[in-house]
Amino acid sequence: MNQAQSALQATFGRAIAAYQAGRLKEAEQQCRLVVAAMPKLFDARFLMGLVQAGQGNHRPAIESFDRALAIRPQVADVLAAKAASEQALGKLAQALASYDAALIAAPASPELAYNRATVLEAMGRHDDALAGYGAALARRADFVEALNNRGVLLQASGNAEAALADYDRALVARPTHVPVLHNRARLLRDLGRADEALRTIERALAAAPGRPDLLNSRGLILLSAGRVDEALASFERGLAAAPSDLTLLTNTAKTLLRLGRAAEALAAIEKAPAARRSEPDLAALEGSALYELQRYEDAVAAIDRGLGGKREHAGLLTDRANALRECGRLDEALADYDRALAIEPGRPAAVYGRATLLLFLGRHAEGWPGFEERRITPVWRSREAGTPEWDGSPLAGRRLLLHAEQGLGDTIQFVRFAPLLAERGETVVVEVPESLKALVAGMGNLEVVARQEPPPPHDVHASLMSLPHLLGLGDHLLPGRVPYFAADPARAAAWRERLPKVPFRIGIAWQGNPNAAVDRLRSVPLAAFAPLAALPGVELVSLQKGAGIEQIDALPAGMAVTVLPEDFASGPDSFMDTAAVMANLDLVVSIDSAVSHLAGALGRPLIVALKQVPEWRWGPSAEHSPWYPSARLMRQARRGDWNELFSRIAAAVAGLKDGR
């Protein structure tokens, strides 16, 4: 070897050393010196390609590999390296051909079979990719990456048990392999096996402590198990490690919303870059947070950013319609529901939202069919009755079980329709909460059972709230049949002796069921009733039971409310007591709660205090209810302003009292 050859060999040695040390620019410089001197040196051309690929320069790398192959064809390692660069450039067909050639040169290689399968997967040829991973595993049974990738494909194709078997095989070979543990945990979550999923993700976190994507998956698993507070803590741990991670931000905000912490959810969303907040999913989430905060105009603006001037997103249009309703922009809301359904016919949230808006507008015949989509809402209670649902067809001697579905007020409102079936000679059983059983039984011609009792044999069942649709009643709400409840005369007489002897008694209720989503918007601080208490000759009588009664202990100075004895509405048929007391009152003033429905069903004088845009059943503006002719509806003039409303209610009551 002469001196020039020796120097060239030393240069090539330095190139190899630099490449192995990761000093790729230096390696490339040394390689160029060698290639310039010896263009047909196979090893130098191959190393040059590896160095270029290592720097992400895949096009020149492919040229270097081709030059190496021109010198020495069918070298498996060069073909494999070329295929990897082609794959990196998205030239999948070329990469597949290169791997095929490499496998001809080295048919026993599990790595080549595996890499070839990854190309097939990237091409969307999933069946071929499954076969390719199988070929890699035939060459090496414990090939963890092949087992993991095949598991992912099997899971995506719905073969969950086979996927789980692959993950388990991989973990036998490598118990702390994080990607496999991660995929196994997510699969177990999807299978509803949350406890196993949680144990698996904890193993992954033990191997990779604090990794944000693992903490995100841990949070999702905890959510699936209903452990919402713990899920939030997991998401927040992930955010501490990766504050700008959009997935974690989104899941944190969703969880905060689920916990009713809308202000914090909004704060989390606002940490996202402005451009990302205009993406549909995040815009929808921001709109939801603003909606919960009653910032409806801002919710519309956030959703508009997500729409970007295009009315092409059914979900965002549905959310926008919901917010527009609360703004009182009803025509626009209806147009958005219609547009959402034009884009995505049958979208349940849009069908239901549109239906309740039509009901709100008094277009009942149009609204009842879509109202059936209420089963998508959190308040829907399915009834596992063991019989088919009735579809409204002739019963022909079949026995029908009608059951209460949502709250007490809903049951009172819709039970009016049950006697129609009995009058047709149908055999009907009505199942209601125990507190309403005696009142409903008093309607006559109905067999009534309490929800806690086993229902008698029946052939079909239906919700009371579905009756207007199933009976095809259209706009007929049966106002002529009100009252349809009656107080028990003996109870009414007994309570007459126990009530304060004053000129004008007003029964009041200020809080509904605190577990109902709408309660924070419809309930009123008891102190807001003070203008009524100040009217001469008026006595306020509490009809409140349970939640809200504690406010009696913190009344404003000069305000008094009579609290009925402990035995009031305390038995299993508690609403019979309430009805008996109402029979002795001059007026009931209540929020939108079961008390309002009961007073209306009894035909008692009633004022319902409503938020500015109330629930669908009360309509947009009228003072009189087609459901309850004895009711007067009074609404907030400004969103959230109960004090102004109760000043007007007091003035109305003063006129009513003085006009007697």
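In the block above lies the structure referred to throughout.
Just so you know, these numbers come straight off a predicted model, no measurement behind them.

Peer 1: So what's going on with the overall build of the protein? Which residues, and what values?
Peer 2: Along its length, the protein carries 33 helices and nine strands. For a compact globule of 660 residues, the expected C-alpha radius of gyration is about 26 Å, and the protein comes in at 36 Å, more than 25% above that figure. Counting contacts in the protein only where the partners sit at least 6 residues apart, residues at least 24 apart contribute 58% of the total. Counting only carbon and sulfur atoms, one obtains 52% of the accessible surface of the protein, whose full area is about 28,800 Å². The distance from the centre of the 74 positive side-chain charges to the centre of the 76 negative ones in the protein is 4 Å.

Peer 1: I'd love a proper account of the sheet that holds strand β8 (residues 606-610), names of residues and values included.
Peer 2: Overall, parallel pairing links the five strands, which are arranged β6-β5-β7-β8-β9 in an open sheet. Of all strands in the sheet, those bounded by a partner on one side alone are β6 (538-542) and β9 (631-635). Direction aside, neighbouring strands of the sheet carry axes that sit 25 degrees apart on average. Pairing of strand β5 (residues 504-509) with β6 involves five bridges; the strand directions are parallel. Counterpart to arginine 505 in the pairing with β6 is glutamate 539. This element, helix α32 (residues 594-602), spans β5, β7 (587-591) and β8 of the sheet and lies at about 145 degrees to β7.

Peer 1: Quick one: what's the story with the packing of helix α9 (residues 144-156) against helix α10 (residues 160-173), residue by residue and with numbers?
Peer 2: Viewed as axis vectors pointing N to C, α9 and α10 meet at an angle of 165 degrees, and their least axial separation amounts to 8 Å. Considering the angle they form, α9 stands roughly antiparallel to α10. You can see that α9 and α10 cross each other, and the crossing is left-handed. Note on element contacts: α10 touches α9 through Ala160, Ala162, Ala163, Asp166, Tyr167, Arg169, Ala170 and Ala173, opposite Val144, Leu147, Asn148, Arg150, Gly151, Val152, Leu154 and Gln155.

Peer 1: Which residues make up α10, and what are the values?
Peer 2: Between its first and last C-alpha atoms α10 spans 20 Å; for 14 residues at 1.5 Å apiece the expected length is 20 Å, and the two agree. Considered for burial, the residues of α10 that qualify are Ala160, Ala163, Leu164, Asp166, Tyr167, Ala170 and Leu171. For α10, the buried positions fall inside an angular range of 160 degrees around the axis, keeping them on one side. For α10, the exposed residues set more than 90 degrees away from the buried face come down to Glu161 and Val172. Close packing links the buried residues of α10 with α9, α11 (178-190) and α12 (194-207).

Peer 1: Lay out the packing of aromatic side chains in plain terms, naming residues and giving numbers.
Peer 2: Overall, the coordinates contain 21 aromatic pairs when judged by the stated rule. Where tryptophan 616 meets tryptophan 627, the ring centres are 6.3 Å apart and the plane angle is 75 degrees; that geometry is what we call edge-to-face. Placement of tryptophan 616 in the loop between β8 and β9 and of tryptophan 627 in the loop between β8 and β9 is noted, with a sequence separation of eleven residues between them. Ring geometry for tryptophan 618 versus tyrosine 628: centroids 6.3 Å apart, planes at 40 degrees, classification tilted.

Peer 1: Tell me what's going on with the pairing of β7, and back it up with residues and numbers.
Peer 2: In summary, the side chains of a regular strand alternate between the two faces of the sheet. The element β7 is extensively covered by neighbouring structure, given that five of its five residues are classed as buried. Here β7 shows no split at all, with Leu587, Val589 and Ile591 on one side and Val588 and Ser590 on the other all buried. In the sheet, β5 pairs with β7 via four bridges, with the strands oriented parallel. Considered in β7, the bridge of glycine 507 is made with valine 588. Inspection of the sheet shows β7 paired to β8 by four bridges, in the parallel sense. Paired with serine 590 across the bridge in β8 is valine 608. Crossover handedness for the path β7 to α32 to β8: right-handed.

Peer 1: So, the nonpolar core: which residues are in play, and what are the values?
Peer 2: For soluble globular proteins, nonpolar side chains are generally found buried alongside one another. Counting 164 residues, the largest nonpolar core has Trp390, Leu402, Val430, Val440 and Phe485 as the members making the most contacts within it. The element best represented in this core is helix α6 (residues 92-105), accounting for seven residues. Contact partners of leucine 402, with chain neighbours within four places excluded, come to Ala418, Leu421, Val428, Val429, Val430, Glu431, Ala462, Leu464 and Leu467.

Peer 1: Could you give an account of the sheet that holds strand β2 (residues 427-432), naming the residues involved and the relevant values?
Peer 2: Across the sheet, four strands lie side by side as β3-β2-β1-β4; this open sheet has parallel pairing. In this open sheet, the two edge strands, each paired with only one partner strand, are β3 (447-450) and β4 (460-463). Neighbour to neighbour, the strand axes of the sheet diverge by 25 degrees on average, direction disregarded. For strand β1 (residues 399-403) and β4, the ladder comprises four bridges, and the chain directions are parallel. Looking at the pairing, leucine 402 lines up with alanine 462 of β4.

Peer 1: Can you tell me about unusual backbone geometry, naming the residues and giving the values?
Peer 2: Proline 483 follows valine 482 through a cis peptide bond whose omega is 5 degrees. Locating proline 483 in the fold gives a position in the loop between α27 (467-470) and α28 (489-498). Not every positive phi belongs to a glycine, and glutamine 74 is a case in point at roughly 60 degrees. Its location among the elements puts glutamine 74 in the loop between α4 (58-71) and α5 (76-88). Despite not being glycine, alanine 569 shows a phi value in the positive range, around 50 degrees.

Calculation criteria
- Residues numbered from 1 in each chain as written.
- Predicted model: local features only at pLDDT ≥ 70, side-chain atom pairs only at ≥ 80, totals over all residues.
- Heavy atoms only, no water.
- Helix = DSSP H or I, 4+ residues; strand = E, 2+ residues; numbered from the N terminus.
- Rg over C-alpha atoms; globule rule 2.2 N^0.38 Å.
- Contact = heavy atoms within 4.5 Å.
- Areas by Shrake-Rupley, 256 points an atom, 1.4 Å probe, with all protein chains shown as cover.
- Lys, Arg positive; Asp, Glu negative; His and termini not counted.
- Charge placed at Lys NZ, Arg CZ, Asp CG, Glu CD.
- Pairing = 2+ DSSP bridges.
- Axes fitted to C-alpha atoms, helices over the stretch in contact; angles between N-to-C directions.
- Parallel < 35°, antiparallel > 145°, perpendicular 65-115°, else oblique.
- Left-handed = near helix turned anticlockwise from the far one by under 90°.
- Expected span 1.5 Å × (residues − 1).
- Buried < 20%, exposed > 50% of the residue type's maximum accessible area, 1.4 Å probe, protein only.
- Arc of directions from axis to C-beta.
- Phe/Tyr/Trp six-rings, centres within 6.5 Å; stacked < 30°, edge-to-face > 60°.
- Right-handed = clockwise from strand over helix to strand, strands pointing away.
- Core = buried A, V, L, I, M, F, W, Y, C linked by side-chain atoms within 4.5 Å.

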